[in-house]
Amino acid sequence: MSDRVIIFDTTLRDGEQSPRVALTVAEKVEIAHQLARLGVDVIEAGFPVSSSGDFDAVRAISGEISGPTIAALARCEEQDLEAAIRALEPTAHARLHVFIATSPVHMEAKLKLKPDQVLERIDRFVRFARQHVADVEFSAEDATRSDRDFLLDAVCVAVEAGARTINIPDTVGYAMTDEFRQLISGVRAELPDEVILSVHCHDDLGLAVANSLAGILAGARQVEVAVNGIGERAGNAALEEVGVALAARRDVFDVQHQLNLQEMYRTSQLVSRLTGMVVQPNKAIVGANAFRHESGIHQDGILKDPRTYEFLDATALGQGSHLVLGKHSGRHALSERLERLGIAYTVEDLRQMQHQIKKLAEGKRVINDEELYRIWQSLPQSEVGNRRSSLGS
Ligand code: KIV
Ligand code: ZN
């Protein structure tokens, strides 16, 4: 089995389906450029039949971005495939992503199709897609709530019809990690070696990243993710969490990807700014606090050797490490910050400043550089006066 995992980014498709997110074509193109710099293998640029904006964005991205494969989503419907094929025309690396649901509730309540009719559609539309594009992916929507034998029939029909990638979505984020791992092992065992197995997990039970990683352990070699974990309802597996876990724990996964981790933080910030979806401060990898240390004991450890409380250097992700000045901070953090700001101090200054910081930081605040400077200025004039010269003021 290949040791390379394909990173399929769906920020611009599933991610953009987040409630109240609506990106313009120009914004999608800007994000696509950043995804290319980040080194994702596939950019799912949109669902062309769903709106003229989606169509235009897929077409613009297909024309401008070289490097990653550009994917467009289509249901098993003629008009969907036709729109996707036209939108992808400008790219030399096109992928058609064809999907249909395979679970009883979706087939009966939504599609109003019998299982045999679903199999017939898979065969017909995957073949249709292959007549136009060599790279075809098939997704069995709601795979984790599908009958296992029927799911296997569906993916086998898709492979026979020419799909090169088979994607197993946990559409409603319902699977438990062990269950999902077994499902992926079972599907992998039925597929020819050259067919790539993919996973696409939603986070309704907070398991999207864990399930995606379990899928990779079970033989998936494509993982579908979104920047900052955005997406329908609770979102998709977070690109940054999956990417960094695979890199940091190669001892467990023994697979590679070609993400440039230095671009991770910048990508997260760009997506957050353009979508208006704020990244929670304690979000793993890209949250503002992910590499910040406030308690005195942690700060002391970090200053002695960052490996004490960080398994990964934050600067490797394009984000600086910060020692927060708050009510729990110790003198080490304060002296480090003063030195970085070029402020001279005595032991007595430290003592007095620390006292003031603790008072000011009550109410869960952290002290920024400006406030620190003001605290320093408020020290008795004689103390400060002796040191003004070192600041050149
Ligand atoms: O969650 C899902 O099932 C999807 C498919 C269209 C791949 O997004
Ligand atoms: Zn999805």
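For clarity, every value in this text was computed on a predicted model and none was experimentally measured. (Residues numbered from 1 in each chain as written. Chains lettered and ligands numbered in written order. Predicted model: local features only at pLDDT ≥ 70, side-chain atom pairs only at ≥ 80, totals over all residues. Heavy atoms only, no water.)

Student: Can you walk me through the pairing of strand β7 (residues 196–201) in this structure?
Tutor: Remark: a regular strand shows side chains that alternate across the two faces of the sheet. Across the six residues that make up β7, a large majority, five, are buried. Pairing of strand β6 (residues 165–170) with β7, which is carried by six bridges, proceeds in the parallel orientation. The residue of β7 that forms the bridge with Ile166 is Leu197. In terms of handedness, the path from β6 via helix α7 (residues 177–190) over to β7 forms a crossover that is right-handed. As paired elements, β7 and strand β8 (residues 222–225) share three bridges and run parallel to each other. The residue of β8 that forms the bridge with His200 is Glu224. Read from β7 through helix α8 (residues 208–217) to β8, the crossover connection turns out right-handed. (Buried < 20%, exposed > 50% of the residue type's maximum accessible area, 1.4 Å probe, protein only. Helix = DSSP H or I, 4+ residues; strand = E, 2+ residues; numbered from the N terminus. Pairing = 2+ DSSP bridges. Right-handed = clockwise from strand over helix to strand, strands pointing away.)

Student: Teacher, can you tell me more about the pairing of β6 here?
Tutor: Counted residue by residue, β6 has six buried out of six residues, so it is predominantly covered. Here β6 shows a buried face lined by Thr165, Asn167 and Pro169 and a second buried face lined by Ile166, Ile168 and Asp170. Two elements, strand β5 (residues 135–141) and β6, share three bridges in a ladder whose sense is parallel. Bridge pairing in β6 places Phe138 opposite Ile166. For the crossover that starts at β5, traverses helix α6 (residues 148–161) and ends in the parallel β6, the hand is right-handed.

Student: I'm lost on the coordination of the zinc ion (ligand 2) in this one. Help?
Tutor: For a metal with four tetrahedral donors the ideal donor-metal-donor angle is 109.5 degrees, while six octahedral donors give ideal angles of 90 or 180 degrees. Every protein donor of the zinc ion (ligand 2) is listed here as Asp14 (OD), His200 (NE2) and His202 (NE2), and their distances to the metal cover 2.0 to 2.1 Å. Classification of His200 as buried rests on a relative accessible area of 5%. (Donors = N, O, S within 2.8 Å, 3.2 Å for Na, K, Ca; no water.)

Student: What am I meant to see in the side chain of Ser103 here?
Tutor: In this fold, Ser103 is placed in the loop between β4 (94–101) and α4 (104–111). In terms of polar contacts, Ser103 uses its side chain to reach the side chain of Asp142, at 2.6 Å. With sequence-adjacent residues up to four places away left out, Ser103 is seen in contact with Glu141, Asp142, Arg145 and Ser146. (Polar contact = N/O pair within 3.5 Å; in protein donor to acceptor, adjacent residues only side chain to side chain. Contact = heavy atoms within 4.5 Å.)

Student: What's the story with unusual backbone geometry in this structure? I'm lost.
Tutor: A negative phi angle is the norm for most residues apart from glycine, just as the trans form is the norm for most peptide bonds. We note that Asp142 has phi near 60°; this positive angle belongs to a residue other than glycine. One can find Asp142 in the loop between β5 and α6. On the basis of relative accessibility, which here comes to 0%, the residue Asp142 falls in the buried class. We note that Ile285 has phi near 70°; this positive angle belongs to a residue other than glycine. As for its position among the elements, Ile285 is in the loop between α11 (264–275) and β9 (292–293).

Student: Help me understand the site of ligand 1, please; the structure alone is not making it clear to me.
Tutor: All residues in the neighbourhood of ligand 1 are listed as Arg13, Asp14, His97, Phe99, Ser139, Glu141, Asn167, Pro169, Thr171, His200 and His202. In this structure, Asp14 approaches ligand 1 through a side-chain N or O atom, which is 3.0 Å from an oxygen atom. For ligand 1, an oxygen atom lies 3.1 Å from a polar atom in the side chain of His202. Against a free-state accessible area of 260 Å², the protein chains account for coverage of 94% of ligand 1. Those elements that place two or more of their residues in the shell around ligand 1 are β4, β5 and β6. (Near = heavy atom within 4 Å. Areas by Shrake-Rupley, 256 points an atom, 1.4 Å probe, with all protein chains shown as cover.)

Student: Looking at this structure, I do not really get the pattern of salt bridges. What am I missing?
Tutor: One side chain can pair with another of opposite charge once the charged atoms of both are near each other. Going through the model one piece at a time under the given rule, you end up with 25 salt bridges. The salt bridge involving Glu44 is made with Arg13; its shortest N-O contact spans 2.9 Å. Of the two residues, Glu44 is situated in strand β2 (residues 42–46) and Arg13 in the loop between β1 (6–9) and α1 (25–38); the sequence distance between them amounts to 31 residues. The class for Glu44 is buried, based on a relative accessible area of 0%. Note that Glu89 is salt-bridged to Arg59, the shortest N-O span being 3.1 Å. One end of the pair, Glu89, is in the loop between α3 (78–88) and β4; the other, Arg59, is in helix α2 (residues 52–64), and 30 residues separate them in sequence. Residue classification places Arg59 among the partly exposed residues on the basis of a relative accessible area of 33%. A network of salt bridges, in which partner residues are shared, links Arg13, Asp14 and Glu44. (Salt bridge = Lys/Arg side-chain N within 4 Å of Asp/Glu carboxyl O.)

Student: I keep staring at the packing of aromatic side chains and nothing clicks. Help me out?
Tutor: When we look at a pair of aromatic rings, we describe it by the centre distance and by the angle of the planes. Under the counting rule described, the total for this entry stands at two aromatic pairs. Ring geometry for Phe47 and Phe99: centres 6.4 Å apart, planes at 65°, overall edge-to-face. With Phe47 in the loop between β2 and α2 and Phe99 in strand β4, this pair connects stretches of sequence that are 52 residues apart. Taking relative accessible area as the criterion, Phe47 reaches 16% and is therefore assigned buried. For the ring pair Tyr373 and Trp376, a centre distance of 5.6 Å and an interplane angle of 35° mean the geometry is tilted. Of the two residues, Tyr373 and Trp376 are both situated in helix α15 (residues 369–377); the distance of three residues between them amounts to about one turn of the helix. (Phe/Tyr/Trp six-rings, centres within 6.5 Å; stacked < 30°, edge-to-face > 60°.)

Student: Honestly, the nonpolar core in this entry has me stumped. Any pointers?
Tutor: Nonpolar side chains in soluble globular proteins tend to be buried together. In this structure, Leu81, Ile122, Phe138, Ile166, Ile168, Val187 and Leu239 are the most contacted members of the largest nonpolar core, which totals 99 residues. Top element by residues in this core is α6. It accounts for eight residues. Counting residues domain by domain, this core receives three or more from each of domain 1 (6–275) and domain 2 (292–390). (Core = buried A, V, L, I, M, F, W, Y, C linked by side-chain atoms within 4.5 Å. Domains from an automatic or database assignment.)

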